[in-house]
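# Descriptive analysis of the structure
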Amino acid sequence: MGKVASSEKLVYDRYMSDIKSNTRSNTTSNIRIVLVETAGARNLGSVARVMKNFGLTELWLVNPQCDRLGEEALQMAVHAPEILENAKVVDSLPAALVDCYRAIATAGRIDKGEMPLTNPARGLSWLMQAETSAIVFGAEDRGLSNSELQHCQQVIRIPVNPDYPSLNLAQSVGICCYQLQLLRDDLRENGGNPPCQENLTSQIAQDLIKSAPIDLATRADLEACYQQLEAVLLKIGYVYPHTAVHRLRKFRHIFDRANLSPSEVAMLRGILRQFNWATAHLD
């Protein structure tokens, strides 16, 4: 019993040391705001303005449906035109998450049980532990689709009045930026120590949910692994085209919770390649 307690303490101490190391070096400058198919130029300009209010500069636009440099966008951006001018424009959400280690989505509505739900304080605290990470916002009229949500590890739901839960895009971004500022202030006031979280009730909860990012695989590496896994599972008949999305969603959740390193992802992909080769050479 004493050995188990001692071992748990060593793991906990290492966990807190790693959290402290990562959060101390982390600022909101390495968090990117990702907007998917934004339709309103005024919304886009307002997002740029609130980002600058809270010191964020990394704006990524996925297939925008408006002119980010048009008169309406620049007018709403006020003194933050450089946010719009320097924004990265890409065709897909995976492209916007290149080099990210963690990504969290925002959603007003989501089917219960489909994705891990969290509040802004907890979710963004987790996000800030990674070297490079992203907060993903959906289109104004539809939010994020199920397929888009699968590229993120967790989902933030902003607590609002249930009688009128709809938030404007810029309002949602502003709330998240404000929460990041609070977390950054807490870190500064604590001398670089992360604010105390709830008691860690199990080793599994610690390792799989709150573990510090030690050499995490990027979202691009994981996405390539998921695509390879899907191809193999289709080939052997474990999943069928009409069930693949639902089944793969469960695999994504398992691997995302595991905080895989690049070498672990490489090992898994090596197994999948060998399996593919072996099935092709069966008598």
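Here, every reference points to the structure presented above.
A few points on the structure. (Residues numbered from 1 in each chain as written. Predicted model: local features only at pLDDT ≥ 70, side-chain atom pairs only at ≥ 80, totals over all residues. Heavy atoms only, no water.)

### Digging into helix α10 (residues 219-236)
Taking 1.5 Å per residue as the helical rise, α10 with its 18 residues ought to reach 26 Å, and the 26 Å between its terminal C-alpha atoms agrees with that figure. Taken together, the buried positions of α10 are Arg219, Leu222, Glu223, Cys225, Tyr226, Gln228, Leu229, Val232 and Leu233. Buried positions along α10 lie against α11 (244-257) and α12 (262-280). One or two residues past the end of α10 sits Gly237, with phi positive at roughly 80°. (Helix = DSSP H or I, 4+ residues; strand = E, 2+ residues; numbered from the N terminus. Expected span 1.5 Å × (residues − 1). Buried < 20%, exposed > 50% of the residue type's maximum accessible area, 1.4 Å probe, protein only. Contact = heavy atoms within 4.5 Å.)

### Regarding the pairing of strand β2 (residues 59-62)
Of the two faces of β2, both are covered, the one formed by Leu59 and Leu61 as well as the one formed by Trp60 and Val62. Pairing analysis gives 3 bridges linking β2 to strand β3 (residues 88-90), with the strands arranged parallel. From the neighbouring strand, Leu61 faces β3, where its bridge partner is Val89. (Pairing = 2+ DSSP bridges.)

### Some remarks on the nonpolar core
Formed by 35 residues in total, the largest nonpolar core has its most connected members in Ile33, Leu35, Leu59, Leu124, Ile135 and Val173. Only β1 (31-36), α2 (41-53), β2, α3 (71-77), α4 (81-85), α6 (120-127), β6 (133-137) and α8 (169-189) provide two or more residues apiece to this core. It is α8 that provides the largest number of residues to this core, a total of 7 residues. Setting aside chain neighbours within four positions, we find Leu35 in contact with Leu44, Val47, Leu59, Trp60, Leu61, Val62, Phe137, Leu169 and Val173. (Core = buried A, V, L, I, M, F, W, Y, C linked by side-chain atoms within 4.5 Å.)

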